[in-house]
Amino acid sequence: MNLAQATVFLWVLGSLQAFEIVEKENIFQRTPCPAFLMFDNAAYLADMSFELPCHCKPEEVPAVVWYYQKHLGSGHTKVLTDFDGRVLTEAAQVRVGSDMLVRFSIRMFSLLVFRAQPEDSGLYFCGTRKGDYFYAYDVDIQSSEGMVATFKDQGQEPLADEYHGSLHVFTTFWEWTPCDRCGVRGEQWRIGLCYLQSPDLSPRYRKTLPDVVSCGSRAVPRQLRAKAGDRAPELLLQSCLVPCEKKKKKMQEGVMALFSYVSKVGSRPWLPQVPIQFHQQRLGHGLIISCPGARPEHAVAWDKDHQYLYRTQYLKGVNWSMRVFIDHGNHLHIRSTQLEDRGIYYCWRQGVRVAGFRLAVTSRGRYPVSFSNPEIRATLVLTLIGYLLITAVFITIHLCRCCCYLFRCCPHFSP
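The rules behind each value
- Residues numbered from 1 in each chain as written.
- Predicted model: local features only at pLDDT ≥ 70, side-chain atom pairs only at ≥ 80, totals over all residues.
- Heavy atoms only, no water.
- Buried < 20%, exposed > 50% of the residue type's maximum accessible area, 1.4 Å probe, protein only.
- Helix = DSSP H or I, 4+ residues; strand = E, 2+ residues; numbered from the N terminus.
- Phe/Tyr/Trp six-rings, centres within 6.5 Å; stacked < 30°, edge-to-face > 60°.
- Lys NZ or Arg CZ within 6 Å of the ring centre and 35° of its normal.
- Patch = residues over 30% accessible without salt bridge, like charges linked within 9 Å, V, L, I, M, F, W, Y side chains within 5 Å.
- Areas by Shrake-Rupley, 256 points an atom, 1.4 Å probe, with all protein chains shown as cover.
- Salt bridge = Lys/Arg side-chain N within 4 Å of Asp/Glu carboxyl O.
- Disulfide = S-S within 2.5 Å.
- Pairing = 2+ DSSP bridges.
- Axes fitted to C-alpha atoms, helices over the stretch in contact; angles between N-to-C directions.
- pLDDT = per-residue confidence, 0-100.
- Contact = heavy atoms within 4.5 Å.

### Quick look at unusual backbone geometry
Moving on, step 1. One non-glycine residue, Ser336, lies in positive phi territory at about 50 degrees.
Moving on, step 2. Under the relative-accessibility criterion, Ser336 is labelled partly exposed at 31%.
Moving on, step 3. Of note, the phi angle at Gln350 is positive, near 55 degrees, even though the residue is not glycine.
Moving on, step 4. Relative to the assigned elements, Gln350 resides in the loop between β22 (343–349) and β23 (352–362).
Moving on, step 5. Note on Gln350: relative accessible area 34%, which makes it partly exposed.

Next comes the structure, spelled out in structure tokens:
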């Protein structure tokens, strides 16, 4: 290599290093905060987890504090902070129905909210302890209750768009999920959330498309929100078929061959393909099974032994008399457990079988009575309603008999 080529090589190398240094600069040095605080609109389905990054802040601010308001300018503001020894929340530790103050984390200036609920809808501000705001979001959490399921294999079509004068209400669908099973016929779906378009939206809210926001956004005036509030989220489903990966199959075959070699002939132990968890359930009680590591936006499927539980037949709302069904959060429900429910329930996540649950049903054993049990509460409510109805009928009959007796004994009262 001559001197000229070496010089060019060193110059190019120095340029690449300078480029790397520029790329590693703090993004906050290149992203100035807006002079007027705007709100980014974001919509999610209930029980989903989401992340809100703080896209800008002054360089002298070492850490951020997140604030939450239900409505702009409301006097009640929640302070979301991980300071003063607070332990970061993990998604696996979050329970349904917990308050938002125990369902969030702040990591690298971003706010993470786990298993969001419709009550978490509102305005989120990124700022300092003094209350200076840098960035803000308008978050809309839409409930999955009343979610409309559309099966493309049956020729069904999504809900049609609605027009109310200048108001246009429609559904915006996410990308298709992967096929929930491999090697056999599976299903895939896409979630659709309610959006609207109107020229009467508040200009303080930033939109991805002109005059388009989610139906529950704070940018929508109250009179328009009432017109669009009846439209529920949608779930579009279709069949799919994908092959399984060969690497995993070869690995399983190798493990099976090793067990066959070690064990005696004719007494080879049963080797499960996935981890199996044992659960014993009392006869007549309800049960809810969750797939490990699965979220509502994941492609999750359930099998019972060798029976495939397709959403076309087992999705919540398809048949209101179903005792076994899958809800919109990918949980498997078994109402009033029966003896025929015994077996192994396999869970698929993103097209891979990941876990199994061996269910045993027993009629023996005593369980303490607790009013926190929804079945006990429902039984008590139905018993009380029946008692009140019988009491009302009894009183009505005796009042009628008394009236008839009075009119017969006192004929001058009759007209």
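Past the structure itself, the notes keep going.
### Quick look at the packing of aromatic side chains
Moving on, step 1. Enumeration over the complete set of coordinates arrives at 11 aromatic pairs.
Moving on, step 2. For the pair Phe125 and Tyr133, a centre-to-centre distance of 4.5 Å together with 25 degrees between the ring planes defines the contact as stacked.
Moving on, step 3. Since its relative accessible area comes to 2%, Phe125 is described here as buried.
Moving on, step 4. Feature note: the residues Phe39, Tyr67, Phe125, Tyr133 and Tyr205 constitute an aromatic cluster, connected by ring pairs.
Moving on, step 5. It is Arg311 that lies over the ring of Trp189; its NZ or CZ is 4.2 Å from the centre.
Moving on, step 6. Just above the ring of Tyr346 sits the side chain of Arg353; from NZ or CZ to the centre is 4.4 Å.

### Quick word on a nonpolar patch on the surface
Moving on, step 1. Together, Val381, Ile385 and Leu389 give the surface a local cluster of nonpolar side chains, amounting to about 270 Å² of exposed area.
Moving on, step 2. By secondary structure assignment, the location of Leu389 is in helix α6 (residues 374–409).
Moving on, step 3. A residue is classified by how much of its surface remains accessible, and Leu389, at 55% relative accessible area, is exposed.

### Details of the pattern of salt bridges
Moving on, step 1. For the structure on display, the rule yields 9 salt bridges.
Moving on, step 2. The salt bridge partner of Asp40 is Arg206, with a shortest N-O separation of 2.2 Å. Here Asp40, found in strand β1 (residues 39–45), pairs with Arg206, found in strand β13 (residues 205–206); they are 166 residues apart in sequence, far enough to count as distant.
Moving on, step 3. For Arg206, a relative accessible area of 34% translates into the label partly exposed.
Moving on, step 4. With its nearest N and O atoms 2.9 Å apart, the salt bridge here joins Arg181 to Asp303.

### Here's the deal with the state of the cysteines
Moving on, step 1. Overall, the coordinates contain 5 disulfides when judged by the stated rule.
Moving on, step 2. Sulfur-sulfur distance for the disulfide between Cys179 and Cys240 comes to 2.0 Å. For the disulfide bridge between Cys179 and Cys240, the dihedral angle about the S-S bond is near 90 degrees, and by the sign convention the bridge is right-handed. Here the residue Cys179 occupies a position in the loop between β11 (167–173) and β12 (186–197), and Cys240 occupies one in strand β15 (residues 234–240), the gap between them amounting to 61 residues. For the residue pair Cys179 and Cys240, the accessibility class agrees, reading buried in each case.
Moving on, step 3. Here Cys194 connects covalently by a disulfide to Cys215, the sulfurs 1.9 Å from one another.

### Focus: the sheet that holds strand β20 (residues 324–326)
Moving on, step 1. Spatial strand order, β17-β21-β20: 3 strands in an open sheet with antiparallel pairing. Each of the sheet's edge strands pairs with one partner strand only, and the pair in question is β17 (287–289) and β20. In this sheet, adjacent strand axes meet at a mean angle of 15 degrees when their direction is disregarded.
Moving on, step 2. One ladder, built from 3 bridges, connects β17 with strand β21 (residues 332–334); its direction is antiparallel. When the bridges of β21 are listed, Leu287 appears paired with Ile334.

### Looking at the pairing of β23
Moving on, step 1. As defined by bridge partners, strand β16 (residues 276–282) adjoins β23 across 7 bridges and the pair is classed as parallel. In the sheet register, His279 faces β23, and the bridge partner there is Leu359.
Moving on, step 2. In this antiparallel pair of consecutive strands, β22 and β23, the connection spans 2 residues, and Gln350 shows a positive phi of 55 degrees.

### Overview of the confidence of the model for the protein
Moving on, step 1. The predicted model of the protein averages 79 in pLDDT, with 76% of residues at 70 or higher.
Moving on, step 2. Mean pLDDT per element in the protein: helix α1 (residues 3–23) is the minimum at 44, and strand β18 (residues 300–304) is the maximum at 95.
Moving on, step 3. Long-range and interchain partners of residues 84–94, a stretch whose pLDDT sits below 50, account for 23 contacts in this model, where long-range means more than four residues apart.

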